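So you can see what is in the structure, the chains are spelled out below.
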Amino acid sequence: GAGVSQSPRYKVAKRGQDVALRCDPISGHVSLFWYQQALGQGPEFLTYFQNEAQLDKSGLPSDRFFAERPEGSVSTLKIQRTQQEDSAVYLCASSLLPGNGNQPQHFGDGTRLSIL
Amino acid sequence: AQSVSQHNHHVILSEAASLELGCNYSYGGTVNLFWYVQYPGQHLQLLLKYFSGDPLVKGIKGFEAEFIKSKFSFNLRKPSVQWSDTAEYFCAVNSPGGSQGNLIFGKGTKLSVKP
């Protein structure tokens with residue numbers, strides 16, 4: 001497709017379960033970002049990949065959050081032992097060039113995660 | 001640390017009214033500034049951006065924003081809104097050039113335009 005694709009669109013899980021959220025960036029885009037958007041808030045940075053290298057994971061809220069991009073394209077955000085405070089929309093964005101703040105980021109539709 | 005403040009949580013206007021959404025940022029260095037829009041049920045889309053040069057930036061759909069460095073502001077304006085402008089608007093900043101570019105967002109302003 002032409003844009004950033006995320007799946008699933010909606011995910012409901014029970015507290016304590018593990019979840020995996022997928023992001024398909026725009027083909028050829030080197031940079032990939034994950035953001036977390038809580039209800040009524042703006043998106044907050046979680047982690048950044050340049051190709052397959054995770055160069056910044058400073059925004060991950062705990063060690064229960066793990067992200068990977070093993071082949072430099074598709075990325076997965078995994079949350080282990082989910083808690084209610086993990087309920088949010090998780091956004092993925094990609095941009096063409098590596099490590100360049102001047103590049104616009106293209107966002108996916110997000111995955112709305114609800115933890116019961 | 002960088003932060004972004006958007007003054008209005010929810011703005012309600014009638015069609016043809018003028019719009020100004022406030023955005024202030026906190027950062028001591030050079031910044032890139034962005035406005036993103038999220039229409040109902042859609043993904044975030046870039047409305048306009050400022051990197052350098054003319055502080056008055058024109059974006060899509062008749063929107064513009066003015067960067068006032070002395071006020072650390074980047075307010076969004078539109079002279080005459082339409083019902084189709086109903087959306088949530090986010091102001092964002094990042095560091096330019098060689099930084100990785102992750103965005104710092106404000107909390108967003110929800111705009112409702114009454115027909």
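Structure shown above.
Bear in mind that the values here come from a model prediction, so they are computed numbers and not experimental data.

With 23 residues of chain B in contact, the opposing surface of chain A contributes 20 residues. Where chain B abuts chain A, roughly 1,700 Å² becomes buried across the two surfaces, and 51% of that area is made up of carbon and sulfur atoms. Inspection of the region where chain B meets chain A yields zero salt bridges. Along the contact surface separating chain B from chain A lie five residue pairs in polar contact (both at pLDDT 80 or more). Elements that contribute at least two residues to the side of chain B that touches chain A include exactly strand E5 (32-38) and strand E10 (87-94) of chain B. For the side of chain B that touches chain A, the element with the highest residue contribution is E5 of chain B, accounting for four residues. In terms of residue class, the side of chain B that touches chain A is built from nine nonpolar, 13 polar and one charged.

As a further point, take the pattern of salt bridges. Residue and element names in this part refer to chain B. Counted according to the given criterion, the structure contains eight salt bridges over all chains. Here Glu64 and Lys58 are joined by a salt bridge, their closest N and O atoms 2.9 Å apart. Glu64 sits in the buried class, given a relative accessible area of 18%. Judged by relative accessible area, Lys58 falls into the exposed class, the value being 62%. The salt bridge involving Arg77 is made with Glu64; its shortest N-O contact spans 3.4 Å. Here Arg77 is found in strand E9 (residues 73-78), whereas its partner Glu64 is found in strand E8 (residues 64-68), with 13 residues between them in sequence. Classification of Arg77 by relative accessible area gives partly exposed; the value is 23%.

Right, let's get into the packing of aromatic side chains. For the structure shown, the criterion picks out 16 aromatic pairs over all chains. For the ring pair Tyr25 of chain B and Phe72 of chain B, a centre distance of 5.5 Å and an interplane angle of 70° mean the geometry is edge-to-face. Of this pair, Tyr25 of chain B sits in strand E4 (residues 23-26) while Phe72 of chain B sits in the loop between E8 and E9, placing them 47 residues apart in sequence. A relative accessible area of 40% means that Phe72 of chain B is categorised as partly exposed. With a centroid separation of 5.9 Å and 55° between ring planes, the pair formed by Tyr36 of chain B and Phe105 of chain B is classed as tilted. Of this pair, Tyr36 of chain B sits in strand E5 while Phe105 of chain B sits in strand E11 (residues 104-105), placing them 69 residues apart in sequence. Overall, Tyr36 of chain B belongs to the buried group, its relative accessible area being 0%. Here a set of aromatic residues connected by ring pairs shows up, and it is made of Phe33, Tyr35, Phe45, Tyr48 and Phe107 of chain A together with Phe34, Tyr36, Phe51, Phe90 and Phe105 of chain B.

Residue and element names in this part refer to chain A. Pairing within the open sheet is antiparallel, and its four strands lie in the order E1-E3-E8-E7. Both edges of this open sheet fall to strand E1 (5-7) and strand E7 (65-68), since each of them pairs with a single strand only. The mean inter-strand angle of the sheet, taken between neighbouring strand axes irrespective of direction, is 15°.

This paragraph deals with the pairing of strand E8 (residues 75-79) of chain A. Residues and elements named next belong to chain A. E8 sits mainly inside the fold: four of its five residues count as buried. Note: strand E3 (residues 19-24) against E8, five bridges, orientation antiparallel. Across the sheet, Cys23 pairs through a bridge with Ser75, a residue of E8. For E7 and E8, the ladder comprises four bridges, and the chain directions are antiparallel. Across the sheet, the residue bridging to Glu68 is Thr76, located in E8.

Each value, and the rule that gives it
Residues numbered from 1 in each chain as written. Chains lettered and ligands numbered in written order. Predicted model: local features only at pLDDT ≥ 70, side-chain atom pairs only at ≥ 80, totals over all residues. Heavy atoms only, no water. Contact = heavy atoms within 4.5 Å. Buried area = accessible area lost by both parts, 1.4 Å probe. Salt bridge = Lys/Arg side-chain N within 4 Å of Asp/Glu carboxyl O. Polar contact = N/O pair within 3.5 Å; in protein donor to acceptor, adjacent residues only side chain to side chain. Helix = DSSP H or I, 4+ residues; strand = E, 2+ residues; numbered from the N terminus. Nonpolar A, V, L, I, M, F, W, Y, C, P; charged D, E, K, R; others polar. Buried < 20%, exposed > 50% of the residue type's maximum accessible area, 1.4 Å probe, protein only. Phe/Tyr/Trp six-rings, centres within 6.5 Å; stacked < 30°, edge-to-face > 60°. Pairing = 2+ DSSP bridges. Axes fitted to C-alpha atoms, helices over the stretch in contact; angles between N-to-C directions.

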